Amino acid sequence: MCTRIVDAIERDGPIPFSRYMQMALYEPGLGYYVNGLHKFGAAGDFVTAPEHGALFAQAVARQLDRALAGLGDDWTLLEAGPGSGALLANLLPAISRPPARCLLLEPSAMLREVQRETLSELHASLRRRIEWIDRPPSNPFAGAIVANEVIDALPVERWRVGGDGIEQLLVDYTDGRFGWTTVPAAGRLNAALERALADLEEPPAPGFESEICIDLPDWLATLTGPLVEGLALLVDYGYPRREYYHPDRDRGTLVCHYRHRAHFDPFVWPGLTDLSAFVDFTALAEGAVDCGLDVAAFTSQAGFVLGAGVHERIEQAEDELERLRLAGEFKRLVLPGEMGEKFKVMALTRGISIDRAAFAPVDQLGRL
């Protein structure tokens with residue numbers, strides 16, 4: 001992987017960080033998400049909410065049941081970036097009126113095999129509804145789109161405020177090491193930053209560094225374009241813009257994971273280390289409006305799970321051991337020190353309305 005990146009730099013000169021991140025994560029055969037190494041769960045590098053148990057999937061199921069009650073039986077569920085398949089494995093049996101079709105948007109052949117193994121225990125009537133695709137469907141559909149911890153893995157640009165204005169951070173290779181070099185921000189990056197930073201009460205001070213995903217609006221438009229009626233449910237870690245670019249967050253949000261340990265050097269073991277950046281949910285909302293979606297709700301993961309009412313499952317446990325297990329899982333999903341506040345949930349709709357109070361008892365749309 002290092003050789004592949006060095007070759008690109010020697011051929012083209014210093015490269016944008018978005019290109020480095022794209023290669024480190026998705027370079028065919030070598031990138032982090034396509035190289036065949038284990039990623040998810042206790043034996044991997046990180047654990048997502050669906051890997052903790054079934055409660056998160058049951059919360060999603062309840063919210064889909066409510067939001068899509070007015071659709072007919074011939075609805076479609078599209079999951080982008082299904083990961084290990086754990087979310088879908090618990091989601092499909094929990095939906096009161098399962099989708100007629102379930103599309104898994106997964107370009108990685110390796111991850112498809114992991115997902116097939118995870119989903120192999122589903123009832124045959126549900127397995128027959130599943131289809132893998134490597135790009136968003138071309139045919140329009142009504143239903144739901146679910147993306148859990150997908151946006152944080154979209155390649156981002158790194159930038160900083162220099163003495164003469166905003167600079168783009170590029171990746172260079174000198175003396176046998178990857179490192180940073182800078183050029184003045186220009187083109188699409190400059191336009192995206194002008195829009196984002198205009199929202200702030202004060203411009204970032206010299207020395208401030210951060211990230212921006214300039215492809216986020218196009219990604220969202222492509223993903224949701226086929227959805228003619230229904231809901232897009234997006235779950236990830238992130239902040240509204242004014243918190244994202246807060247003066248105290250002057251080193252940005254880029255984070256790397258290896259064997260359940262977080263570090264902040266993206267040049268360590270490219271291809272073996274997960275790279276991600278927190279999501280600017282204000283940018284996500286702007287992209288949604290630009291492509292004709294309604295921003296129906298925005299809340300924390302804690303608010304989403306509590307609104308779904310899955311805490312009732314703890315009281316319904318068959319024995320004390322099961323009750324303790326569910327209580328521990330519930331705490332990991334909702335406590336501020338765990339996943340409850342770090343993760344946010346945004347509901348985007350087209351052609352339907354949702355009960356915002358049931359979806360988000362503590363609505364945070366005003367923070368956007």
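Everything discussed here concerns the structure shown above.
Note that this is a predicted model, so its numbers are computed, not measured.

Criteria and cut-off values
- Residues numbered from 1 in each chain as written.
- Predicted model: local features only at pLDDT ≥ 70, side-chain atom pairs only at ≥ 80, totals over all residues.
- Heavy atoms only, no water.
- Pairing = 2+ DSSP bridges.
- Helix = DSSP H or I, 4+ residues; strand = E, 2+ residues; numbered from the N terminus.
- Salt bridge = Lys/Arg side-chain N within 4 Å of Asp/Glu carboxyl O.
- Buried < 20%, exposed > 50% of the residue type's maximum accessible area, 1.4 Å probe, protein only.
- Phe/Tyr/Trp six-rings, centres within 6.5 Å; stacked < 30°, edge-to-face > 60°.
- Lys NZ or Arg CZ within 6 Å of the ring centre and 35° of its normal.
- Contact = heavy atoms within 4.5 Å.
- Axes fitted to C-alpha atoms, helices over the stretch in contact; angles between N-to-C directions.

A. Seen up close, the pairing of strand β8 (residues 177–184). Inspection of the sheet shows strand β7 (residues 165–174) paired to β8 by eight bridges, in the antiparallel sense. Counted as the bridge partner of Gln-168 is Val-183 from β8. The turn linking β7 back onto β8 is made up of two residues, and Asp-175 within it adopts a positive phi angle of 55 degrees.

B. Layout of the pattern of salt bridges. A full pass over the atoms with the stated rule returns 27 salt bridges. Here Asp-134 and Arg-135 are joined by a salt bridge, their closest N and O atoms 3.3 Å apart. In this structure Arg-135 comes out as exposed when scored by relative accessible area, which is 56%. If you follow the salt bridges from partner to partner, you end up with Arg-158, Arg-160, Glu-167, Glu-209, Glu-211, Asp-250 and Arg-251 in one network.

C. Layout of the packing of aromatic side chains. A complete count under the given rule lists 19 aromatic pairs for this structure. Centre to centre, the rings of Trp-180 and Phe-267 are 5.0 Å apart; their planes meet at 50 degrees, and the pair counts as tilted. With a gap of 87 residues between them, Trp-180 in strand β8 and Phe-267 in the loop between β12 (261–263) and β13 (274–276) connect regions that are remote in the sequence. Residue Phe-267 is classed as buried on the basis of its relative accessible area of 13%. Chaining the aromatic ring pairs together yields one cluster made of Phe-17, Tyr-20, Tyr-173, Phe-178, Trp-180 and Phe-267. A cation over a ring is seen here: Arg-116 above Trp-132, with NZ or CZ 4.4 Å from the ring centre. Over the aromatic face of Tyr-237 sits the side chain of Lys-342, whose NZ or CZ is 5.1 Å from the ring centroid.

D. Structural context of the side chain of Asn-148. Mapped onto the secondary structure, Asn-148 falls in strand β5 (residues 141–148). Ignoring any residue separated from it by four or fewer positions in sequence, one finds Asn-148 in contact with Thr-48, Pro-50, Phe-56, Ala-80, Gly-81, Leu-87 and Val-235.

E. How the structure looks around the environment of Leu-348. With respect to the secondary-structure elements, Leu-348 resides in strand β16 (residues 343–350). Look at Leu-348 and you get buried, because its relative accessible area is 0%. The residues contacting Leu-348, other than those within four sequence positions of it, are Leu-220, Gly-230, Leu-231, Ala-232, Leu-234, Ala-288, Leu-293, Asp-294 and Val-295.

F. Structural view of the sheet that holds β12. With antiparallel pairing, three strands are arranged side by side in an open sheet as β12-β11-β13. Of all the strands in the sheet, just β12 and β13 have a single pairing partner and so form its edges. On average, each strand axis in the sheet is inclined to that of its neighbour by 30 degrees, with strand direction left out of account. In this sheet, β12 lies alongside strand β11 (residues 255–258) in antiparallel orientation, the contact comprising three bridges. Bridge pairing in β12 links His-257 to Ala-262.

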